[in-house]
Amino acid sequence: MHWLFKTEPGEFSIDDLEADGTARWDGIRNYQARNFLRDQVALGEGVFIYHSSCARPGIAGQAEVIKTAYPDPAQFDATSPYFDPKASGDDPRWFCVDIRWRATFAEVLPLARLKQLPALADMVLLKQGRLSVQPVTAEQWQVIEGLAE
DNA sequence: GCCAACGTTGGC
DNA sequence: GCCAACGTTGGC
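These numbers come from a predicted model, not from an experiment.

> Hey, could you go over the protein's contact with DNA strand B for me, with residue numbers and the actual values?
As a structural note, the neighbourhood of DNA strand B is formed by Asn30, Tyr31, Gln128 and Arg130. The sugar-phosphate backbone supplies 67% of the atoms of DNA strand B found within 4 Å of the protein. Take Arg130: an N or O atom from its side chain is 3.0 Å from a base oxygen of DNA strand B. Taken together, the residues that form the surface near DNA strand B break down as one nonpolar, two polar and one charged.

> I'd like to hear about helix 5 (residues 138-148), residue by residue, with values.
Within helix 5, burial applies to Gln140, Trp141, Ile144 and Ala148. When helix 5 is viewed along its axis, its buried side chains cluster within an angular range of 100° and face the same direction. Away from its buried face, by an angle of more than 90 degrees, helix 5 presents the exposed residues Glu139 and Gln142. Residues of helix 5 that are buried make contact with strand 1 (2-7), strand 3 (46-51), strand 4 (58-71), strand 5 (95-110), helix 3 (111-116) and strand 6 (133-136).

> Residues and numbers for helix 2 (residues 31-39), please.
Burial in helix 2 covers these residues: Ala33, Arg34, Phe36 and Leu37. On an axial view of helix 2, the arc spanned by its buried residues comes to 160°, and they lie on one face. Where helix 2 is buried, its residues meet strand 1, strand 2 (22-25), strand 4, strand 5 and strand 6. The residue sitting at the N-terminus of helix 2 and contributing the capping side-chain oxygen is Asn30; that oxygen lies 3.0 Å from the backbone nitrogen of Gln32.

> Could you give me a rundown of the pattern of salt bridges, with the residues and numbers involved?
Opposite charge on two side chains lets them pair, provided their charged atoms get close. Under the counting rule described, the total for this entry stands at five salt bridges. Notably, a salt bridge pairs Asp72 with Arg29, separated by 3.1 Å at the nearest N-O pair. In this pair, Asp72 sits in the loop between strand 4 and strand 5 while Arg29 sits in the loop between strand 2 and helix 2, placing the two residues 43 residues apart along the sequence. Taking the relative accessible area as the measure of exposure, Arg29 reaches 26% and is therefore partly exposed. Arg102 is paired through a salt bridge with Glu64; the nearest N and O atoms lie 3.3 Å apart. Of this pair, Arg102 sits in strand 5 while Glu64 sits in strand 4; the two residues are 38 residues apart in sequence, bridging distant segments of the chain.

Cut-offs applied
Residue indices begin from 1 for each chain and proceed along its sequence in written order. Lettering of chains starts at A and numbering of ligands starts at 1, both following the order in which they are written. Reporting in this predicted model follows two pLDDT cut-offs: at least 70 for local features of residues, and 80 or more for side-chain atom pairs to be given and counted; totals over whole chains, interfaces and linings ignore these cut-offs and use all residues. Calculated side-chain values reflect all of the structure's heavy atoms, with hydrogen atoms and water omitted. Here a residue is considered near a molecule or strand provided that any single heavy atom belonging to it is located within 4 Å of it. Side-chain atoms alone can form a polar contact between residues adjacent in sequence; in general such a contact is a pair of N or O atoms within 3.5 Å, and within protein one must be able to donate a hydrogen while the other accepts it. Here the nonpolar group is Ala, Val, Leu, Ile, Met, Phe, Trp, Tyr, Cys and Pro; Asp, Glu, Lys and Arg are the charged ones; every other residue, Gly included, is treated as polar. Residue burial is assigned from relative accessible area. The probe radius is 1.4 Å, only protein chains are included, and a residue is buried under 20% of its type maximum, exposed over 50%, and partly exposed in between. The secondary structure listing takes helices from DSSP runs of H or I that are at least 4 residues long and strands from runs of E that are at least 2 residues long, numbered from the N terminus. Regarding the arc, it is the one traced by the directions from the helix axis to the C-beta atoms. By definition, residues are in contact when any of their heavy atoms lie within 4.5 Å. Salt bridges are defined as contacts in which a side-chain nitrogen from Lys or Arg sits within 4 Å of a carboxyl oxygen from Asp or Glu.

Given below as structure tokens:
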């Protein structure tokens with residue numbers, strides 16, 4: 001399986017990931033996204049980094065999974081915006097993974113462009129909004145990589 | 001800033 | 001369990 005992770009570039013962009021090299025993908029507070037992270041995201045899998053809520057929404061680059069799911073520390077940190085008072089160490093509610101930068105596309109692949117391609121019509125990104133961690137099929141991955149060259 | 005889509009909360 | 005109210009996401 002391949003994946004697509006959304007991020008607001010004003011908070012954390014592909015350029016930040018490239019500069020840092022690796023990142024903890026934390027702060028996921030949606031159950032469907034959590035379940036993908038916790039149950040399915042596997043070591044070494046590819047991840048497209050998608051910029052959302054910005055002037056040019058689209059796929060900005062790719063990364064790979066270097067550590068599979070572990071409890072998101074932010075849920076236990078009362079000073080964090082991602083604090084969850086209902087989570088406990090015995091019963092973590094939220095999970096995160098670690099990723100490593102692989103590539104920054106020469107140009108962000110615009111959402112509008114992705115929408116034009118029949119081969120991508122079934123992408124979760126295009127069929128369902130509001131899901132910040134989502135699967136990408138091998139076929140979709142190949143098509144998008146081809147566009148990014 | 002608007003607003004559609006959809007997730008979450010909480011009363012019953 | 002239903003569903004209305006409310007909150008959030010995210011494109012435009």
